[in-house]
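Fold and geometry: a report
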Amino acid sequence: KMNGDPPARALHTAEEICNCKWYNRPKYFNGTLDAIVKISRTEGVTSLWSGLSPTLVLAIPTTMIYFTTYEQLKAMIANQYNKYTELQGGLGSVKRTSPDGSNTDTSMSPVWISLTAGGLARTWAVTVVNPLELVRTKMQSQKMKFYQVRSGIKDLVRSRGIAGLWSGYTATLLRDVPFSALYWPLYEQTKSMFGYESFAVDFASGAVAGSIASTVTLPFDVIKTTKQIEIGERDIMAVHRGVARTNQQIVQDILREQGVKGLFSGLTPRILKVAPACAIMISSYEFFKKFFRTQNLMERNEL
């Protein structure tokens, strides 16, 4: 054994490590930039966008469900909060918000409203699309074709039932719900600091909020990624058999083998991915929300 004894818990056998592809070789990459350069040089620049199709398959329905649910929940919570404050003889600090997006001045909105709406909206979105998350993870981590994933999913359902499609559900909730609960208050507070609204302000606020929220919730992402890789190796690729580790066991193993820093591994690539993604998504969302709201108002005035 060239490198001594293997770690206490390896995700691959010794034979797999010896015969693995170049991008799986231990210590092959020295950092995020080094990985981008080597992948581009070896497989071409377009390989950096590999897995785009499964990502879109997950992202499109998730975004539709998430943003729609968030707006509806926030409007409902804000209106209920106004009614409560009026009954108490006080003045509500949130203007009444209608589900169609009109009259949505939330500059003085209590933080807990956006926090609650964001967390609940993400919970619902994750619950609905978790099977697609499983498919995406298999296609990207195992370099599987779609027909292979379909066959693997059938085997998974056959062996573990329909509930198997929600494997890793808890780990995904632990990552996504805290992220969303933090993201919206951070976004709105950052946006209010500028004192005016514009596409650039939305873009910058989204990037800042995404960076902070992704840093705070990174340990949950590490747990979730480890969990779903193990699911893929055990149930789809048949590399490992046996009982899957719980989230608590994964944390204990990471702390024992790598220390606290192991829970924050991959921080740089995560921020490089999440910050621009959040910035582009929220600024585009705000732009089109204002655009369609204006169009609706113009149509109403013409009637």
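Source: prediction; values computed, not measured.

**Here's the deal with the overall build of the protein**
What the protein contains, in helices and strands, is ten helices and zero strands. Counting across all 303 residues of the protein, residues that qualify as buried make up 38%. Looking at the protein alone, contacts between residues at least 24 apart form 71% of all its contacts between residues at least 6 apart. On the protein, roughly 17,800 Å² of surface is accessible, and the fraction owed to carbon and sulfur atoms is 64%.

**What to know about the confidence of the model for the protein**
For the protein, mean pLDDT is 78; residues scoring 70 or higher make up 71% of the total. The weakest mean pLDDT in the protein belongs to helix α1 (residues 14-19) at 46; the strongest belongs to helix α7 (residues 199-216) at 95. Confidence drops under a pLDDT of 50 for residues 14-20, and excluding neighbours within four residues, the segment shows four contacts in the predicted structure. Counting contacts from residues 96-104, a segment whose pLDDT is below 50, to residues more than four positions away or on other chains yields 19 contacts.

**Focus: the environment of Y81**
Within the fold, Y81 resides in helix α3 (residues 52-87). On the accessibility criterion, Y81 (22% relative accessible area) is partly exposed. Each C-alpha atom, one on Y81 and one on P110, is 9.7 Å from the other, the two residues being 29 residues apart in sequence.

**Some remarks on the packing of helix α6 (residues 169-194) against helix α10 (residues 267-302)**
In the contact formed by α6 and α10, the axes pass within 13 Å of each other and the chain directions differ by 60°. With respect to their mutual orientation, α6 and α10 come out oblique. Crossing handedness for the pair α6 and α10: right-handed. Two secondary-structure elements touch here, α6 through R175, F179, Y183, W184, Y187 and K191 and α10 through R270, V274, C278, I282 and E286. Within the contact of α6 with α10, the residues separate by chemical class into seven nonpolar, no polar and four charged.

**Things to note about the pattern of salt bridges**
Under the counting rule described, the total for this entry stands at eleven salt bridges. Across the pair K289 and E71 runs a salt bridge, and its minimum N-O distance is 3.1 Å. Residue K289 is found in helix α10, and its partner E71 is found in helix α3; the two are separated by 218 residues along the sequence.

**Thoughts on the side chain of T226**
With respect to the helices and strands, T226 occurs in helix α8 (residues 218-236). We classify T226 as buried; its relative accessible area is 18%. Looking at T226, its side chain comes within polar contact range of the main-chain oxygen of V222, at 2.8 Å. In contact with T226, not counting residues within four places along its chain, are R245 and I250.

**Remarks on the packing of aromatic side chains**
Scanning the entire structure with this criterion turns up 14 aromatic pairs. The interplanar angle of 75° and the centroid separation of 5.7 Å between the aromatic rings of Y81 and W112 together place this pair among those described as edge-to-face. With Y81 in helix α3 and W112 in helix α4 (residues 111-141), the pair connects residues that are 31 residues apart, well separated along the chain. Centroid distance F179 to Y183: 6.0 Å. Interplanar angle 10°. Geometry classified as stacked. Of the two residues, F179 and Y183 are both situated in helix α6; the distance of four residues between them amounts to about one turn of the helix. The exposure class assigned to Y183 is buried, which follows from its relative accessible area of 5%.

Reading guide: rules and limits
Residues numbered from 1 in each chain as written. Predicted model: local features only at pLDDT ≥ 70, side-chain atom pairs only at ≥ 80, totals over all residues. Heavy atoms only, no water. Helix = DSSP H or I, 4+ residues; strand = E, 2+ residues; numbered from the N terminus. Buried < 20%, exposed > 50% of the residue type's maximum accessible area, 1.4 Å probe, protein only. Contact = heavy atoms within 4.5 Å. Areas by Shrake-Rupley, 256 points an atom, 1.4 Å probe, with all protein chains shown as cover. pLDDT = per-residue confidence, 0-100. Axes fitted to C-alpha atoms, helices over the stretch in contact; angles between N-to-C directions. Parallel < 35°, antiparallel > 145°, perpendicular 65-115°, else oblique. Left-handed = near helix turned anticlockwise from the far one by under 90°. Nonpolar A, V, L, I, M, F, W, Y, C, P; charged D, E, K, R; others polar. Salt bridge = Lys/Arg side-chain N within 4 Å of Asp/Glu carboxyl O. Polar contact = N/O pair within 3.5 Å; in protein donor to acceptor, adjacent residues only side chain to side chain. Phe/Tyr/Trp six-rings, centres within 6.5 Å; stacked < 30°, edge-to-face > 60°.

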